[in-house]
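Inside the fold
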Amino acid sequence: MLKKVICLLKRYGVWYTAKKIICKLYISFILGPVRINRKINKRDRAEQEAWHFLNPVCFSIVVPLYNTPETFLREMLESVRMQTYKNWQLCLADGSDQEHSYVQTVCEDYIKRDDRICYRKLDENRGISENTNACIDMAVGEYIALFDHDDLLHPSALFEVMKCIEEKKADFIYTDEATFQGRETHLLSVHRKPDFYMENLRANNYICHFTVFKKDVLKQSGVFRSEFDGSQDHDLILRLCEKASMICHIPKVLYFWRAHKNSVALSIDSKNYAVEAGLRAVRSHLERYGIQATVSVTHNAMSVYQVNYDLGMMSVQDITVICEQEYEETGKSTWQVVEDSCSYILILKKGLLVPEKQDLERLLMHMVDYNIAAVTGKIVNEQGRIISGGVAFRENNGQFHIRHLFGGVPVCDPGYMNQLTYASGIPVICNGCILVRKEHVVAALKCGRNLFDLSDWIRWSIDLREQGYQLINETRTLIVANRIFPWYNKKSYVYFQKKV
């Protein structure tokens, strides 16, 4: 522990280290025991068990077993049997050695109690991918759920997934998760995940657990591949998301990931080969898309990958920069400025400096994908502190709620779950900097949008997303703000009513 604190002090300084320690204490002693746990009261259990679904599906939960400690095994089995949604099948493929023969004894004992549990003893340990494929061979359900042999499910996990399937016709579903060590209320971290963005998934397997998908989608994508053992989940999830038609995120902690000395949950260093396998998985995915790019490991976060797309024939010469202050001084109409512009337009609010060439290239490279309509970067002040590193966005009763993230933290801060170390999808752009295709600017002007009004940027972002386009936050690009940058709301909240 002391070694880790010293490392954080050297790398990020006192402020970040103190924040990290306080956060860990809060998660372990307040958030874990009080707010994030696997308890369910009798009333909620009775209500969920009595819930009538119009088209209930069967979930085949696949669990490869290998020398699983008996206590972990029994707790895992009980967490499945305690599900409020009862239409499930548990598929166990056991590759344990002779020294761990109790695994078979325990499983056979549970089969006597519950005929929804299916068990198969493998002739040999074939590795995580092939062992999991053996589980899939046993599956009879319409949906497959991935579950590790030493982890735990919330009692409502399958119920919440079933609701998502019925309400949204989802064929790929994932949930938030918590990592614990020792007793299950001793949390090490809580992973509140963003909604689905392929860019995020290329950078790291943020989806991870709890993952459920339609068997028909698996037939299209193919099963686990042993050459990616270590990051076999990342490889499979990339292939599944390429084929899925409706990917849904349930923003509830329904999966509890156990950390112990041999698990990736405790340290990616415990499985260094997983990093290399992850690199190959992302490269393979990009090849399937026909995208030219280089992929490398992030220095400060080994499980995060940096994807740099090949610009091809594009260059920064294709970008016209429109600064609000200079625009006001020219006296030209917005239409005149846009008509004289290049294929890509960088709009900057008053007080933001034009990025360096390499930063412009990082923004521009995302435009190789025509589905990307606009890109922004990380707004920082002259003292090296972040003003906006992204946004949290929600809509409630026609009112938009925007919160700018990571305000005040040092530029070197990797952010929550390393979110400041890689490019990611973003729901809206409203931070004062936007690189956008000229055609979308023209369309926005025709709709009466003000190119320098941040509220209109939000409506503009929503318009683009409703048309099927994506927005990217390239956090490796720094846009520096000087003292006149009009950051109008220090709390970083923007509220306004939805307008047509």
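Not measured: the values here are computed from a predicted model. (Residues numbered from 1 in each chain as written. Predicted model: local features only at pLDDT ≥ 70, side-chain atom pairs only at ≥ 80, totals over all residues. Heavy atoms only, no water.)

1. Description of the environment of L218
We apply this condition: The numbering of helices and of strands both runs from the N terminus, where a helix is a DSSP run of H or I of at least 4 residues and a strand a run of E of at least 2.
Structurally, the position occupied by L218 is in helix α8 (residues 215-221). In this structure, the C-alpha to C-alpha distance between L218 and R449, residues 231 residues apart in sequence, is 43 Å.

2. So, the confidence of the model for the protein chain
It should be kept in mind that the predicted coordinates are not to be read in detail where pLDDT is low. Cut-off, in case you're wondering: Confidence of the predictor at the level of single residues is captured by pLDDT, which takes values from 0 to 100. In what follows, residue pairs with any heavy atoms lying within 4.5 Å of each other are defined as contacts.
Summarising the model, the protein chain shows a mean pLDDT of 90, and 92% of its residues fall at 70 or more. Within the model, the stretch residues 488-500 combines pLDDT values under 50 with 29 contacts to residues more than four positions away or in other chains.

3. Notes on the packing of aromatic side chains
Short version of the rule: Ring geometry is summarised as follows: Phe, Tyr and Trp rings, the Trp one being its six-membered ring, pair when their centres sit within 6.5 Å, and such pairs are stacked at plane angles under 30 degrees, edge-to-face over 60 and tilted between the two. For each residue, the accessible area found with a 1.4 Å probe, counting protein chains only, is set against the maximum for its type, and the residue is called buried under 20%, exposed over 50%, and partly exposed in between.
Under the defined criterion, the tally for this structure stands at twelve aromatic pairs. For the pair F59 and Y143, a centre-to-centre distance of 6.0 Å together with 55° between the ring planes defines the contact as tilted. Remark: Y143 occurs in strand β4 (residues 143-146) and F59 occurs in strand β1 (residues 59-65); sequence separation between them is 84 residues. By relative accessible area, Y143 is classed as buried at 5%. Aromatic side chains Y370 and Y469 sit 6.4 Å apart centroid to centroid with 70° between the ring planes, which places their arrangement in the edge-to-face category. Linking Y370 in the loop between α13 (357-364) and β14 (372-381) with Y469 in the loop between α15 (454-466) and β20 (470-481), this pair joins segments that are 99 residues apart in sequence.

4. Thoughts on the pattern of salt bridges
What counts here: Salt bridges, as used here, are contacts in which a Lys or Arg side-chain nitrogen is within 4 Å of a carboxyl oxygen on Asp or Glu.
Inspection of every chain in the model, using the stated rule, returns 23 salt bridges. Residue R81 pairs with D114 through a salt bridge whose shortest N-O separation is 3.4 Å. Separated by 33 residues along the polypeptide, R81 in helix α3 (residues 70-81) and D114 in the loop between α4 (102-113) and β3 (117-121) bring together distant segments of the chain. Classification of R81 as partly exposed rests on a relative accessible area of 23%. Of the residues examined, D114 reaches a relative accessible area of 5% and is grouped as buried. Between R476 and E474 there is a salt bridge, and its shortest N-O distance comes to 2.9 Å. For the pair formed by R476 and E474, the shared burial category is buried. Each member of the salt-bridge network shares a partner with another, and the members are E78, R81, D109, R113, D114 and R116.

5. Notes on the side chain of N67
Put simply, the rule is: Here a polar contact is taken to be a pair of N or O atoms separated by no more than 3.5 Å, where protein atoms must pair a possible hydrogen donor with a possible acceptor and residues adjacent in sequence count only if both atoms sit in side chains.
Examined against the element boundaries, N67 turns out to sit in the loop between β1 and α3. Residue classification places N67 among the buried positions, given a relative accessible area of 16%. At 3.0 Å, the side chain of N67 and the backbone nitrogen of D97 are in polar contact. Engagement of the side chain of N67 in a polar contact is seen with the side chain of H100, the distance being 3.2 Å. Beyond its immediate chain neighbours, meaning those up to four positions away, N67 contacts S96, D97, H100 and Y102.

6. Overview of the layout of surface pockets
Condition: Cavity: a set of points on a 1 Å grid over the protein atoms alone where a 1.4 Å probe fits but cannot get out. Pocket: an open set with protein on both sides within 12 Å along at least five of seven lines, its lining residues, like those of a cavity, having an atom within 4 Å of a point. Grid points are joined across faces, edges and corners, and a volume is the space filled by probe spheres set on the points. Ten residue types, Ala, Val, Leu, Ile, Met, Phe, Trp, Tyr, Cys and Pro, are classed as nonpolar, four, Asp, Glu, Lys and Arg, as charged, and the remainder, Gly among them, as polar.
Within this model, the second largest pocket holds a volume of roughly 270 Å³. Residue assignment for the lining of the second largest pocket shows that the elements contributing at least two residues are α2 (42-49) and β9 (247-258). The biggest single contributor to the lining of the second largest pocket is β9, with five residues. A breakdown of the residues in the lining of the second largest pocket according to their chemical character gives six nonpolar, five polar and six charged.

7. Regarding the state of the cysteines
In protein structure, a disulfide is the covalent linkage between the sulfur atoms of two cysteines. Defined as follows: Two cysteine sulfurs form a disulfide in these notes if their separation is within 2.5 Å.
In this structure the tally under the stated criterion is zero disulfides. Looking at C118, it has no disulfide partner, and the nearest cysteine sulfur is the one in C91, 5.3 Å off. Left without a disulfide partner, C164 is nearest to the cysteine sulfur of C248, which lies 4.0 Å away.

8. A look at unusual backbone geometry
Cis geometry is found at the peptide bond from H209 to F210, where omega equals -5°. As for its position among the elements, F210 is in the loop between α7 (198-203) and β8 (211-214). Phi at C208 is positive, roughly 45°, even though this residue is not glycine. Considering the arrangement of structural elements, one finds C208 in the loop between α7 and β8. Even without being a glycine, M417 presents a positive backbone phi close to 50°. Within the element layout of this structure, M417 appears in the loop between β17 (399-404) and β18 (424-425).

9. A closer look at empty space enclosed by the protein
Within the structure shown, the criterion is met by two cavities of 30 Å³ or more. Lining the largest cavity are E199, R202, A203, Y305, V307, Y422, A423 and R476. Secondary structure elements with two or more residues in the lining of the largest cavity: α7 and β11 (301-309). In terms of residue count, the dominant contributor to the lining of the largest cavity is α7 (three residues). Residue classes in the lining of the largest cavity are distributed as five nonpolar, no polar and three charged. Approximately 40 Å³ is the volume attributed to the second largest cavity. Contributing to the lining of the second largest cavity are T376, S388, G390, V391, H404, I426, V428, I429, C430 and N431. For the lining of the second largest cavity, the per-class residue count stands at five nonpolar, five polar and no charged.

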